[in-house]
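# Analysis of the macromolecular model
The lines below spell out each chain.
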Amino acid sequence: MRTDGETTKAEDDDDIDPAKLSRHWQMQLAIAEKNQKEFVDDGRKVVERYKSERNEASRKATSNRKFNILYSNTEVLRAALFGKMAKPDVRRRFADRNPVAREVAEVIERSLVYQQDIYPSERYIDLAIMDYLLPGRGVVRVEYEPVIGEKPKLDMMGQPVMGEDGMPETEEFIAEQKLCEKYVFWEDYLCEPARNWEQVTWEAFRHNMSRDDLDDEIFENAVQGSQVFGTAADVPLNWTPDIGTKERDTPEELKKAEVWEVWDKKERKRLWIVKGYDKPLRIDEDPYQLEEFWPNAEPLNSYSATDDFIPEAEFKAYQDQADDLDEITARISRLTRALKRRGVYDKAIVELKRLASAGDNEFIPVSNYAELLQKGGLQAAFQVEDIQVTATVLKDLYEQRNALIQAIYEITGISDIVRGATNPNETLGAQQLKAQFGSNRLKRRQNDVARWIRDIYRLKAEIIAEHFEPDVLSRMTGIQVTPEMMAILRDEKARGYQIDVETDSTSFEDAEAEKKSRVEYITATSQFMAAMLPVVQQAPQFGPLIMEMLAFGTRGFKAGRELEDRIDQMTQKIEDAEKQPKPPPPPDPEIEKAKAQMAIEQQRAQADLSLKGADYKLKELDYQIKQVDLQQKSTPQLEAPQPQEDPLDREEKLLKVEHSRADLMGKQRALESDGKVQAANETDSGERAKHSENINKAVEGLMAVVEKMAENQQATQDAVTVMAKAIAAPKRVVRGPDGKAAGVETVMN
């Protein structure tokens, strides 16, 4: 599918000579094909032998009977090497406390699981394993395809941008991103002749394309930066199917172009080359921008020498023994057919011929029975061929065939235990030794397959990290991808430092062994926790160390890998709790009781002091009132009418003072009683606060009464002062109209 950006017509590019470039790569492809011609020829023979491809006449001929040990071995190893698709296991490379790296690992793992569920690759892996076991090489490549969609173009205010035609403008965006594996047929793969994978600088994948395919896949699917040469109509269709006709008689619609997709690591480019065409179809810049450039993991090769990267079919290691096995099988077939009961008889006794075809309990009448008895009976009438020699030879051949089969198992490392066969006469030690012998050799090959699948997952993880958009990742994983997480994903070195991609097992697991592993883990963990729990209770600072010890033990159990993250989280919580400030220890009840008693005593002392002060003020006020009363009694009345205090008012005031005094004394006694009760019975801080509040309110009321009495005292003193001034002032006689004295008035200065 076309993405945004324009392709480049390279005919005008002076830096590229299309004809020279095409000749170079066609020569490289020819050298690689010649280098692996023997591998291809041998691989085809091995596949034919596995399939037992023979015509009907050849199959029925006793001289062409086969023992297909290749099929048997291949199926046993196929099941042992790949029983199920491995699941990705993405973790932080180091067990540090890095929540961002933890989230990044979770995003990558969920993305890999999602892509695996949507685009399952188990079938492709299984086909590649078959190629690995038969011709000797298995290849699976990874294909990444972004799905481009269109959406309305918005301005800075979020409003649609309108075009000149009045219609809303649109822009392209990545709507979906597809990542999946593709199986590569073993004959459709070429690579540069080299001693090992590290020395390979280019590899190629073959595609057979019709002209419509060329238009769709090559010319119309060019991406930004691609350089396109020629047209589909100019490309020669140089591949024809094998339909038993001459090439010139093959219909045009069945012909296709043999296109080689070349990945050049030196130039980090992808080229599309057709044999016999004088220019490349297209040149793409680094398509996936991966660290190792390749779209596939290192091919899964069978055994090969160190001088050449071309593998050898495993069957060649025991082909001679397999040929002998076929020959013995053919001889057994022929001798089995010859192993028949045959003989001669006296022609004169015609009844003997009928005897050979007689059924059970059938008796044949003889015309001259007495004469037959005189000649010695049936024993003398015919002679049977001796087949004992043939039977002995046949038995020896079977023994020889079994010996050859065991020899082949020794070569391939497939023990009886691996095949599920056993001898009841063998001891347990002998069977365990054979199982160990077979499993040790098989384990290496299982590790090779697991490593290969892990590398495929790592390749997919790198593409996800480098190319997948944040919103696509969030939709796939259900995790909000933050800019900080994207910074790690996009940074190749930071990602490699912090994230590690592994897989679980690819072989079928023994259910009993898995169950036993889980029981052992639970037992060991329970014992450890029971022993360490008292230590943590007595010394909490040992908590992180004990959790690290638990994590260390958990990693030794396969069944415990799923709990490692939980243990890490628990350890982090313990360490965070240790960093928090310690809460104060709980108060001692005895000390708190003593403090409460002391506070109550202090409040009582303050109340007593306040009451004594109030009592003193009352006594002083009483004294002053009495002095005023004495002064009033000793002062003579003026002749002029003066305002006199009503005796009833005076008595009422004195009565109020007495009432205030009585009320104050009652409050004092109540406070003393409350203080004693509180001191004897209450120790709670809330009760003490309430008691203190009551005392304060009582004291405030007492002070208000004292202040009021002080105001009354001041008014009385003012009245006495006015009266004294009036008495001491000079007087004069006031006379009436008749000249007689009418009264006395004070002369005020």
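Below is a short write-up of the structure. Everything quoted here is computed from the prediction, not taken from an experiment. (Residues numbered from 1 in each chain as written. Predicted model: local features only at pLDDT ≥ 70, side-chain atom pairs only at ≥ 80, totals over all residues. Heavy atoms only, no water.)

## Observations concerning the overall build of the chain
Operational definition: Comment: elements are numbered from the N terminus, with helices defined as DSSP H or I runs of at least four residues and strands as E runs of at least two. The rule is simple: take the accessible area with a 1.4 Å probe, protein chains only, and divide by the maximum for that residue type; under 20% is buried, over 50% is exposed, in between is partly exposed. The contact criterion used is simple: two residues touch if any of their non-hydrogen atoms lie within 4.5 Å.
Within the chain one finds 23 helices and 16 strands. Going through the 749 residues of the chain one by one, you find that 34% of them count as buried. Counting contacts in the chain only where the partners sit at least 6 residues apart, residues at least 24 apart contribute 71% of the total.

## Things to note about the pattern of salt bridges
When the charged atoms of two side chains with opposite charge come close together, those side chains can pair. Quick reminder of the rule: The salt bridge definition used is simple: a Lys or Arg side-chain nitrogen within 4 Å of an Asp or Glu carboxyl oxygen.
Scanning the model with the defined rule gives 28 salt bridges in all. For Asp326, the salt bridge identified is with Arg49, shortest N-O distance 2.3 Å. Of this pair, Asp326 sits in helix α8 (residues 319-338) while Arg49 sits in helix α2 (residues 37-51); the two residues are 277 residues apart in sequence, bridging distant segments of the chain. A residue is classified by how much of its surface remains accessible, and Asp326, at 6% relative accessible area, is buried. Notably, a salt bridge pairs Arg123 with Asp126, separated by 3.6 Å at the nearest N-O pair. With Arg123 and Asp126 both in helix α6 (residues 122-133), this residue pair falls three residues apart, about one helical turn. What makes Asp126 buried here is its relative accessible area of 12%. What you see here is one network of salt bridges that share partners, running through Glu33, Asp188, Arg206, Glu258 and Lys275.

## Description of helix α5 (residues 99-118)
The following threshold applies: What a helix should span is 1.5 Å times the count of its residues minus one. Picture the helix axis, draw a direction to every C-beta atom, and the arc is the one those directions span.
In this model α5 runs 29 Å from its N-terminal to its C-terminal C-alpha over 20 residues, within 8% of the 28 Å that 1.5 Å per residue would give. Listed as buried for α5 are Val100, Ala101, Val104, Ala105, Val107, Ile108, Ser111, Leu112, Gln115 and Gln116. For α5, the arc enclosing every buried residue in end-on projection is 160 degrees, short of the 170-degree limit, so these residues lie on one face. Seen from the buried face of α5, the exposed residues on the opposite side, beyond 90 degrees, are Pro99 and Asp117.

## Brief notes about the nonpolar core
For clarity, the cut-off: Throughout this description, the term nonpolar core refers to a set of buried Ala, Val, Leu, Ile, Met, Phe, Trp, Tyr and Cys residues connected via side-chain atoms within 4.5 Å.
Ile125, Trp452, Ile453 and Leu473 are the most contacted members of the largest nonpolar core, which totals 83 residues. Sorting elements by how many residues they give to this core places helix α14 (residues 428-467) first, with eleven residues. Each residue touching Leu473, except ones within four places of it in the same chain, is listed here: Val107, Ser111, Ile464, Phe468, Gly478, Val481, Met486 and Leu489. With 14 residues, the next largest nonpolar core counts Ile218, Phe219, Leu237 and Leu281 among its residues.

## Regarding a nonpolar patch on the surface
The test is simple: Within this analysis, patches are made of residues with over 30% relative accessible area and no salt bridge. Like charges are joined at 9 Å or less; nonpolar side chains (Val, Leu, Ile, Met, Phe, Trp, Tyr) at 5 Å or less. The Shrake-Rupley method, run with a 1.4 Å probe, gives the accessible areas here. Residue values count only the displayed protein chains as cover.
There is a patch of nonpolar side chains on the surface, built from Val535, Phe542, Leu545 and Met549 and spanning about 340 Å² of accessible area. Its location among the elements puts Met549 in helix α19 (residues 543-555).

## So, the pairing of strand β3 (residues 137-152)
Rules: Paired strands, as defined in this entry, are two strands with at least two bridges between them according to DSSP.
Note that β3 and strand β11 (residues 300-301) share two bridges and pair antiparallel. In the sheet register, Gly138 faces β11, and the bridge partner there is Leu300.

## Regarding the packing of α8 against helix α12 (residues 388-412)
Here is the rule: In this analysis an axis means a line fitted to C-alpha atoms, helices contributing only their contacting stretch, and an angle means the value between N-to-C directions, from 0 to 180 degrees. An angle counts as roughly parallel when it lies under 35 degrees, as roughly antiparallel when it exceeds 145, as roughly perpendicular when it falls between 65 and 115, and as oblique in every other case. Note on convention: near helix rotated counterclockwise from far helix by under a right angle means a left-handed crossing. Clockwise means right-handed. All residues other than Ala, Val, Leu, Ile, Met, Phe, Trp, Tyr, Cys, Pro, Asp, Glu, Lys and Arg, Gly among them, are scored as polar; the first ten of these are nonpolar and the last four charged.
At a closest axis distance of 9 Å, the pairing of α8 and α12 adopts a crossing angle of 160 degrees. On the basis of the axis angle, α8 is roughly antiparallel to α12. For the pair α8 and α12, the crossing hand works out as left-handed. Listed contacts from α12 to Gln321, Ala322, Asp324, Leu325, Ile328, Thr329, Arg331, Ile332, Leu335 and Thr336 of α8 are Thr390, Val393, Leu394, Leu397, Tyr398, Gln400, Arg401, Leu404, Ile405, Ile408 and Ile411. Of the residues contributing to the contact of α8 with α12, the split by class is 13 nonpolar, five polar and three charged.

## Describing unusual backbone geometry
One non-glycine residue, Gln289, adopts positive backbone phi at about 55 degrees. Checked against the element boundaries, Gln289 lands in the loop between β10 (282-285) and β11. In this model, Asn361 sits at a positive phi of 60 degrees, which is unusual for a non-glycine residue. Note on placement: Asn361 falls in the loop between α9 (351-355) and α10 (369-374).

## Some thoughts on the sheet that holds β3
With antiparallel pairing, the three strands of this open sheet are ordered in space as β4-β3-β11. Of all strands in the sheet, those with a lone pairing partner are β4 (170-184) and β11, marking the two edges.

## Details of the pairing of strand β2 (residues 88-92)
Judged by how many residues are buried, β2 sits mostly within the fold: four of five residues are covered. The pairing of β2 with strand β14 (residues 499-503) spans five bridges and is antiparallel. Residue pairing across strands places Pro88 opposite Thr503, the latter belonging to β14.

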